[in-house]
Amino acid sequence: MTNNTKQLIQSKPFSTVMILAFCTLITACTTNPATGDRQFTALLPASSEASIGAQEHKKIEAEFGKFMTGPIANYVSQVGQKVAKNTEREDVTYRFYVIDTPMVNAFALPGGYIYVTRGLLTLANNEAEMAAVIGHEIAHVTARHAAERMSQGTLIGIGAAAIGIATGSSAAGQAANLGSNLYLSSYSRSQEREADNLGIRYLARAGYDPNAMTIFLESLGRNSDLDAKEAGRSGSGFNYFSTHPMTAERVQTTKAVSAEYPQSTKVNRITYLNKINGMTYGDSASEGFVRGNQFFHPEIGFTFSVPKGSDIKNGKTKVTATHPNGTAIIFDAVNDSSNMSVYDLLTQKILKNEATNAEKITVNGLNAATASLPGTVNGKRVNMRVVLIEWERNRYFRFQMAIPTNVNNAFVNELKKTTYSFRHLSASEKNAIKPKTLRVLVAPAGATISSMAAKMDVEKNKTERFLVLNGLNSNDKIIAGQPYKIVVD
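Quick caveat, the model's predicted, so the values are computed rather than measured. (Residues numbered from 1 in each chain as written. Predicted model: local features only at pLDDT ≥ 70, side-chain atom pairs only at ≥ 80, totals over all residues. Heavy atoms only, no water.)

Caption draft 1: Just the packing of aromatic side chains, in detail. Counting across every chain of the model gives 25 aromatic pairs. Ring geometry for Phe331 and Phe422: centres 5.9 Å apart, planes at 35°, overall tilted. Placement of Phe331 in strand β12 (residues 328–335) and of Phe422 in the loop between α14 (409–421) and β17 (423–424) is noted, with a sequence separation of 91 residues between them. Note on accessibility: Phe331 and Phe422 belong to one class, buried. An angle of 85° between the planes, with centres 6.4 Å apart, marks the rings of Phe399 and Phe422 as edge-to-face. Of the two residues, Phe399 sits in strand β16 (residues 395–404) while Phe422 sits in the loop between α14 and β17, which places them 23 residues apart along the sequence. (Phe/Tyr/Trp six-rings, centres within 6.5 Å; stacked < 30°, edge-to-face > 60°. Helix = DSSP H or I, 4+ residues; strand = E, 2+ residues; numbered from the N terminus. Buried < 20%, exposed > 50% of the residue type's maximum accessible area, 1.4 Å probe, protein only.)

Set out below in structure tokens:
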């Protein structure tokens, strides 16, 4: 901000400044062809959306890695283009990508970049449901929600800065700007409803059953509830982000909107299930995966185990394990090119010479070091144990263990076993250990929900997972000769 601008703002009452600013900017309002509404999108004009999307697309690829290719990716793109032909914006070139992650999600970038995850594809039960999700994300683009949020949020930021100057309070300005940042973090409830409504419009125009949106949202909610149950989280109900409408609300609204369109029975269930048959379920080989109390990473080539009874979660950058006795383990990678010994790297650079009982060890032929130090987790004292293992030049793996002070010696020995369980996978193990797979099984005569669920290779809640995976209720009947999804090892 220039000195002249500061003087102008300071010389006028706050209300006058805001009115002048608004009158100047309001001329940038445009009528959206999809919604028919007037929008303020001055700070992200339609002509700039493609370049912004291209820039952000590179960041998405950097975050998630290479996108899936082959038949499944081609299929998603074909269906996406079919839906996109029925939109109001001919100025957008749509591109569709499948992200290789078990997360159930979909999102869009300005300029027509649409993303769905592998996890979402495993949850959908027919082509119409997948098309509904794609239509919803396309709707965010056609309705120019990102441009609207960006422009409105920045206008709020301008107002916050003026408030700070007018009151002489930097804290007021910072607080208001924090609010605008949160405001920009996701779509509003009204925008999300609008995307649902437009998505149903595009779904119907493409000839699909318009009720597929509602049906998929119901599956989405049930899947979220089951995930929460298995993770031990309280509460239920799914929403994409905290400001989005709850699924129950969206289900009710989309059901009413769908009834306004010509009804169709086109869902292409068999085609869809054939396309996703054999797709990886859950974590992939490139991410590593959990089996019981063991973690395997065939692509990098290592494995380790944790004490039995631990709940293991595989994240993007780390693996976490929590035990009922309160012990927590974090496993992650450390890259360092300082050429220090593994012992010096741990004690001097990582632990800043604060550790006690540091020692050099060998873990299955790999140079390593370990040290302990006192710590606090959630206000409670714990004993911290850190182990650093040299995997290859400049690359290390680390265990960080937070151990409650009341844990007995027998369990401490189990944690030592965790350290010494870390090892290379043999070539035969790499070939033999595979991720779980989604298989489509034709139900035999006499099949029941119980008999089909028994074929599921999941560690818990087999019946519930089978029902959610197939969009079934407990009182539904299995139809002989019809295909159903199961998970196999």
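Following the structure, the description resumes.
Caption draft 2: View of the environment of Pro435. Relative to the elements of secondary structure, Pro435 occurs in the loop between α15 (427–432) and β18 (436–442). Separated by 54 residues in the primary sequence, Pro435 and Asp489 place their C-alpha atoms 6.8 Å from one another. If we skip the residues at most four places from it in the chain, Pro435 touches Thr280, Asp283, Ser284, Ala285, Phe289 and Arg291. (Contact = heavy atoms within 4.5 Å.)

Caption draft 3: Examining the sheet that holds strand β3 (residues 95–99) more closely. Taken in spatial order, the three strands of this open sheet run β3-β5-β4, and their pairing is mixed. Across the chains shown, the open sheet's two edge strands, defined by having one partner strand only, are β3 and β4 (106–109). Neighbour-to-neighbour, the strand axes of this sheet turn through a mean angle of 20°, independent of strand direction. As defined by bridge partners, β4 adjoins strand β5 (residues 113–117) across four bridges and the pair is classed as antiparallel. Bridge pairing in β5 places Ala106 opposite Val116. Here helix α4 (residues 71–84) sits on the sheet and contacts β3 and β5; the angle it forms with β3, its principal contact strand, is near 145°. Lying over the sheet, helix α6 (residues 127–142) contacts β3, β4 and β5, oriented at roughly 25° with respect to β4. (Pairing = 2+ DSSP bridges. Axes fitted to C-alpha atoms, helices over the stretch in contact; angles between N-to-C directions.)

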